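Given next are the chains, with one letter for each unit.
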Amino acid sequence: MPIRSSSARWEGNLTEGSGTVKTGKGGLQGAYSFKSRFEEGEGTNPEELIAAAHAGCFSMAFSKGLADAGFTPTSVETVAKVHLDKTDAGFGVSRIDLETVGDVPGIDDAKFQELAEGAKENCPISRLLKPGAEISLVAKLA
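An unreviewed UniProt entry lists the chain under the name OsmC family protein, with Actinoplanes sandaracinus as the source organism.

Structure follows, in structure tokens:
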């Protein structure tokens, strides 16, 4: 399997500096800053990138699980919400909320929920993050 990489460059101090992040193949590139991370400033931040990775991984894993069970999805759309919280130990990601909507012909809700839960537990990004963060899931049929 290939090794994936991304890079980041930061210039200046924490609160007034700025940086850029870029995925290895250049598919995503963006500016980030103290304001985009800890306030509501323009640009991206590491938590949004984690959310994008988790949403993408979950959607792919869920689509595979659906297909393996005999249900070919028309689409799976997932939003991941990463919660960055401050504790006595410092900042940390405490929770990730996955919200997914699947357009899956011929499936009933019980089977849909079962397969969604399996994808949540087993996608590689969930397995990476769940030792340190609670992961919730809301799954709906379109």
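1. What about the side chain of S59?
Relative to the helices and strands, S59 is located in helix 2 (residues 46–68). Not counting the four nearest positions on each side in its chain, S59 is found in contact with V76, E77 and T78.

2. Digging into the environment of G24
The topology assignment puts G24 in the loop between strand 2 (18–23) and strand 3 (29–33). The class for G24 is partly exposed, based on a relative accessible area of 48%. Through-space distance from the C-alpha of G24 to that of A133 is 26 Å; in sequence the pair is 109 residues apart. Excluding residues within four positions of it along the chain, G24 makes contact with S5 and S6.

3. Examining the packing of aromatic side chains
Tallying each qualifying case throughout the model produces 5 aromatic pairs. Between W10 and Y32, the aromatic rings sit 5.1 Å apart at their centres with planes inclined by 55°, giving tilted as the arrangement. Residue W10 is located in strand 1 (residues 6–11), and its partner Y32 is located in strand 3; the two are separated by 22 residues in the primary sequence. Residue class for W10 comes out partly exposed when judged on its relative accessible area of 31%. Ring centres of F34 and F38 lie 4.9 Å apart, and the angle between their planes is 40°; on these two criteria the pair is classed as tilted.

4. Focus: the sheet that holds strand 6 (residues 134–141)
With mixed pairing, 3 strands are arranged side by side in an open sheet as 4-5-6. Each of the sheet's edge strands pairs with one partner strand only, and the pair in question is strand 4 (75–87) and strand 6. Along the sheet, successive strands turn relative to each other by an average axial angle of 15°, direction set aside. As judged from the 8 bridges shared by strand 5 (residues 90–103) and strand 6, these two strands associate in the parallel manner.

5. Considering the nonpolar core
Counting 23 residues, the largest nonpolar core has F58, F62, L66, I96, I107 and F112 as its most contacted members. Per-element accounting of this core gives the leading share, 6 residues, to helix 2. Excluding anything up to four places from it in sequence, F62 contacts V76, T100, F112, L115, A116 and A119.

6. Re the pairing of strand 5
Two elements, strand 4 and strand 5, share 13 bridges in a ladder whose sense is antiparallel. Bridge pairing in strand 5 links V79 to E99. Taking the residues between adjacent antiparallel strands as the criterion, strand 4 and strand 5 are bridged by 2 residues.

7. Here we look at the sheet that holds strand 1
Paired through their backbone hydrogen bonds, the strands of a sheet run either parallel or antiparallel. In spatial order, the strands read 1-2-3; together these 3 strands make up an open sheet with antiparallel pairing. Of all strands in the sheet, those with a lone pairing partner are strand 1 and strand 3, marking the two edges. Between one strand axis and the next, the sheet turns through 20° on average, direction left out of account. Both strand 2 and strand 3 contribute to a ladder of 5 bridges, which runs antiparallel. Across the sheet, residue S18 finds its bridge partner in strand 3, namely S33.

So, how was this worked out
- Residues numbered from 1 in each chain as written.
- Predicted model: local features only at pLDDT ≥ 70, side-chain atom pairs only at ≥ 80, totals over all residues.
- Heavy atoms only, no water.
- Helix = DSSP H or I, 4+ residues; strand = E, 2+ residues; numbered from the N terminus.
- Contact = heavy atoms within 4.5 Å.
- Buried < 20%, exposed > 50% of the residue type's maximum accessible area, 1.4 Å probe, protein only.
- Phe/Tyr/Trp six-rings, centres within 6.5 Å; stacked < 30°, edge-to-face > 60°.
- Pairing = 2+ DSSP bridges.
- Axes fitted to C-alpha atoms, helices over the stretch in contact; angles between N-to-C directions.
- Core = buried A, V, L, I, M, F, W, Y, C linked by side-chain atoms within 4.5 Å.

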